[in-house]
Amino acid sequence: MYSKIYSGTALGIDGMIVTVETDISSGLPGLSLVGYLASSVKEAGERVRTALKNLGYSMPSRRITVNLSPADIRKDGAGYDMAIALGILISMEDIPVTNNMFKDLEETLFIGELGLDGRVLPVKGVLPIVDYAPKEGIRRVVLPEKNADEASFVKGVDIIPVNSFEDIIEMLSSGKWSTPYKNTEEEPEVFYQNDLADVKGQDSLKRGIIIAVSGFHNIIMTGAAGSGKSMIAKCIPSIMPPLTHEESMELTKIYSVAGLLNEKMKYVNTRPFRSLNQNISQVALLGGGHVPKPGEVSLATGGVLFLDEFPEFGRNIIESLRMPMEDHIVSISRAKASLTFPARFMLVSARNNCPCGFYPDRKKCKCTSREIYNYQNRISHPIMDRIDLRLEVSPVKYSDIFSLERGISSAEAREIIQNARERQRIRYKNEDFLFNSELPQGKISTYIKLSKSEEDLLRDFFENSDVSARGYYRIMKLVRTIADVEDREEIRPSDIEEAIFYRNETVERGTFI
């Protein structure tokens, strides 16, 4: 007898339906799995055979063929076990499935790994599949109980959690599906350990951070060790607006595919802050592997990718950030497929003034001018050109450390940023980008109107500095963000002067030596 069951797989953070066809015919007894399968799927035959035996079902002495289509897409993982086992039992006619239930199976998708005792075990990458399923006419998804919270994030599809394969047999035999799962837990309150008000002094730095977050601009902080660079970087998630449902869905998909969801984090509801170690590999940064997974640049989508001691990272690691910083995606190519992961992150980097970190305190710093120059120039011009704000961080003064005056708090900064982003949302509502930092070069004149005096100011800067054409356009975007932070549409000369100050071309050239 022939049977057809639906399962699914994740391609990047997108889902795809996989049809599991089973046929039992005369011939040499055996179980054949076909359809461009990885070893983890080929092993499903033994898992399914043993699980069914332990549940009291024996394989017939006939030829069983299971085809997973489409055949040109490589299947990986153990998520097809449940569909394969169910297809075999229906083809064996060991389950009395009613006509109505057969119709329901056309609108039902099965995901889950089988234990040898018949338990249904959780798998990763469930959310992209469940999110895609309704587009193909799927009304319900049967999956492991531990994946139910993750899958319930998708509206418009019934989630049927199961603990054992026997639960599925019982539903099919009775002709009645279990009650769909509803997540009744309240969304946990977002709590941040770091607050901008705890950073003493550094008013210019805080202002630069607010501008950067408002327009989602990349930044680098340069200053002596202990001046507060890392601390203020850790405050950035606390001043970012809350995730929208769409952003939370995208992030949860990424974390689902990466296998990072668990009982403590069933879905992602906070802006990510990914702090990297200098020993990170290129695969861990960008993603990849035998079974492609998202890397740190994708896990930081919508949030912060923090690289402390930026010059200490390998040259290949630093240079590999070029495409994600520019295109906001990462493409991973394999022989039979190419996967694309989002990488819309805000790069926040920090570095000392010299290798030892004490410059300009010459009582402590013993580095030579050549060592300092070489240290600063480990970051290439193309990378620095993609960083909009270059912030110089001065050591905190004694009077600031013990001052009782409380600076701007994260809540106050977040309100300013939300207003600036709302202006951008309204302005770009008919565009395919969200922030000023993403404004295409061809549309700069459309959204940034300058008077003659402002054009003259920019022309003088361009002609009397070493700024590149890319740097010029990035200053223009920064000008637009500064005006948004000030809650106005028109551009003023003071906005241009502030943008030039924060762009700080001298930092790249190392003229502070």
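Up top is the structure.
So, how was this worked out
Residues numbered from 1 in each chain as written. Predicted model: local features only at pLDDT ≥ 70, side-chain atom pairs only at ≥ 80, totals over all residues. Heavy atoms only, no water. Helix = DSSP H or I, 4+ residues; strand = E, 2+ residues; numbered from the N terminus. Buried < 20%, exposed > 50% of the residue type's maximum accessible area, 1.4 Å probe, protein only. Contact = heavy atoms within 4.5 Å. Axes fitted to C-alpha atoms, helices over the stretch in contact; angles between N-to-C directions. Parallel < 35°, antiparallel > 145°, perpendicular 65-115°, else oblique. Left-handed = near helix turned anticlockwise from the far one by under 90°. Salt bridge = Lys/Arg side-chain N within 4 Å of Asp/Glu carboxyl O. Phe/Tyr/Trp six-rings, centres within 6.5 Å; stacked < 30°, edge-to-face > 60°. Pairing = 2+ DSSP bridges. Expected span 1.5 Å × (residues − 1). Arc of directions from axis to C-beta. Disulfide = S-S within 2.5 Å.

Colleague: Tell me about the overall build of the chain, and name the residues and values.
Modeller: Per the secondary structure count, the chain includes 23 helices and 18 strands. With respect to the principal axes defined by its C-alpha atoms, the chain has extents near 85 × 45 × 45 Å. Classification of the 513 residues of the chain by burial places 53% in the buried group. Excluding contacts between residues fewer than 6 apart, the proportion of contacts in the chain whose partners are at least 24 apart in sequence is 74%.

Colleague: How would you summarise the packing of helix α20 (residues 452–463) against helix α22 (residues 493–503) if you had to cite specific residues and measurements?
Modeller: Axis angle and axis distance: for two packed helices, these are the angle between their axes and the distance between the axes, and together they describe the pair. Orientation of α20 relative to α22, taken along the N-to-C sense of each, is 20 degrees, at an axis distance of 9 Å. Considering the angle they form, α20 stands roughly parallel to α22. Read as a crossing pair, α20 and α22 show a hand that is right-handed. Here α20 contributes Glu 454, Leu 457, Leu 458 and Phe 461 to the contact with α22, which in turn contributes Pro 493, Ile 496, Glu 497 and Ile 500.

Colleague: Break down the environment of Phe 310 for me, citing the residues and quoting the values.
Modeller: For Phe 310, the position within the fold is in the loop between β14 (304–307) and α13 (315–319). Of the residues examined, Phe 310 reaches a relative accessible area of 0% and is grouped as buried. Separated by 231 residues in the primary sequence, Phe 310 and Gly 79 have C-alpha atoms spaced 40 Å apart. Discounting residues that sit within four places of it in the chain, Phe 310 has contacts with Ile 220, Ile 318, Leu 321, Ser 349, Ala 350, Arg 351, Ile 379, Ile 383 and Ile 387.

Colleague: Kindly report on the pattern of salt bridges, identifying the contributing residues and their values.
Modeller: Two side chains of opposite charge can pair, provided their charged atoms sit close to one another. All chains considered together, the criterion is met by 34 salt bridges. Of the charged contacts in the structure, one is a salt bridge between Glu 489 and Arg 427, with a shortest N-O distance of 3.1 Å. With a gap of 62 residues between them, Glu 489 in the loop between α21 (469–485) and α22 and Arg 427 in helix α18 (residues 410–427) connect regions that are remote in the sequence. Here Arg 427 falls in the buried class, since its relative accessible area comes to 13%.

Colleague: Talk me through the packing of aromatic side chains; I want residue IDs and the actual numbers.
Modeller: Centre-to-centre distance and the angle between the planes together describe a pair of aromatic rings. Tallied over the entire structure, the rule returns eight aromatic pairs. Ring geometry for Tyr 428 against Phe 433: centres 4.8 Å apart, planes inclined by 55 degrees, an arrangement best described as tilted. Of the two residues examined, Tyr 428 and Phe 433, each falls in the buried class. An angle of 75 degrees between the planes, with centres 5.6 Å apart, marks the rings of Phe 462 and Tyr 472 as edge-to-face. Separated by 10 residues along the polypeptide, Phe 462 in helix α20 and Tyr 472 in helix α21 bring together distant segments of the chain. For Tyr 472, a relative accessible area of 22% puts it in the partly exposed group.

Colleague: Which residues make up the sheet that holds strand β18 (residues 389–393), and what are the values?
Modeller: Spatially, β11-β14-β17-β10-β18 is the arrangement adopted by the five strands of the open sheet, whose pairing is parallel. The open sheet has two free edges, formed respectively by β11 (273–275) and β18, since each of these has just one partner strand. Averaged over neighbouring strand pairs, the angle between their axes works out to 20 degrees when direction is ignored.

Colleague: So what's going on with the pairing of strand β8 (residues 140–144)? Which residues, and what values?
Modeller: Among the five residues that make up β8, five are buried, leaving the element largely enclosed by the rest of the structure. The pairing of strand β5 (residues 108–110) with β8 spans three bridges and is parallel. When the bridges of β8 are listed, Phe 110 appears paired with Val 142. Sheet topology places β8 next to strand β9 (residues 158–162); five bridges connect them, and they run parallel. From the neighbouring strand, Pro 144 faces β9, where its bridge partner is Val 162.

Colleague: Mind laying out α21, listing which residues take part and the relevant values?
Modeller: Here α21 is 17 residues long and its end C-alpha atoms lie 25 Å apart, about the 24 Å a rise of 1.5 Å per residue gives. Taken across its 17 residues, α21 has 13 buried, putting it largely inside the fold.

Colleague: Give me the environment of Asp 385: which residues, what numbers.
Modeller: Looking at the element boundaries, Asp 385 is found in helix α16 (residues 381–385). As a C-alpha pair, Asp 385 and Ala 44 span 341 residues in sequence and 51 Å in three-dimensional space. Excluding residues within four positions of it along the chain, Asp 385 makes contact with Arg 390, Ser 468, Arg 470, Gly 471, Arg 474 and Arg 503.

Colleague: Tell me about unusual backbone geometry, and name the residues and values.
Modeller: Here the bond from Ser 69 into Pro 70 is cis, since omega is 10 degrees, no more than 30 degrees from zero. With respect to the helices and strands, the residue Pro 70 is situated in the loop between β4 (63–69) and α3 (81–92). Despite not being glycine, Tyr 36 shows a phi value in the positive range, around 60 degrees. As for its placement among the helices and strands, Tyr 36 is situated in the loop between β3 (30–34) and α1 (39–42). Taking the relative accessible area as the measure of exposure, Tyr 36 reaches 30% and is therefore partly exposed.

Colleague: I'd like a description of the side chain of Arg 386, backed by residues and values.
Modeller: Here Arg 386 lies in the loop between α16 and β18. The exposure class assigned to Arg 386 is buried, which follows from its relative accessible area of 9%. Those residues within four positions of Arg 386 in sequence are excluded, and the remaining contacts are Asn 218, Arg 322, Met 325, Glu 326, Arg 470 and Arg 474.

Colleague: So what about helix α2 (residues 44–54)? Which residues, and what values?
Modeller: Taken as a whole, α2 has its buried residues at Ala 44, Gly 45, Arg 47, Val 48, Ala 51 and Leu 52. Along the axis of α2, the buried residues cluster in a sector spanning 165 degrees; they form a single face. For α2, the secondary structure elements touched by its buried residues are β3, α1, α3, β6 (113–114) and α7 (165–174). Directly beyond the C-terminal end of α2, a positive phi value near 100 degrees is found at Gly 56.

Colleague: Any details on the pairing of strand β15 (residues 329–333)? Residues and values, ideally.
Modeller: Residue alternation in β15 divides its side chains into a buried set, Val 330 and Ile 332, and an unburied set, Ile 329, Ser 331 and Ser 333. Judged from the five bridges that link them, β15 and strand β16 (residues 338–342) form a sheet pairing that is antiparallel. Of the residues in β16, the one forming a bridge with Ile 332 is Leu 339.

Colleague: Just give me the short version of the state of the cysteines, but keep the residues and values in it.
Modeller: With the rule as written, the count across this model stands at zero disulfides. Cys 356 takes part in no disulfide bond, and the closest cysteine sulfur to it belongs to Cys 354, at a distance of 3.4 Å. Overall, the relative accessible area of 33% leaves Cys 356 in the partly exposed class. We note that Cys 367 lacks a disulfide partner, and the nearest cysteine sulfur, in Cys 356, lies 3.7 Å from it.

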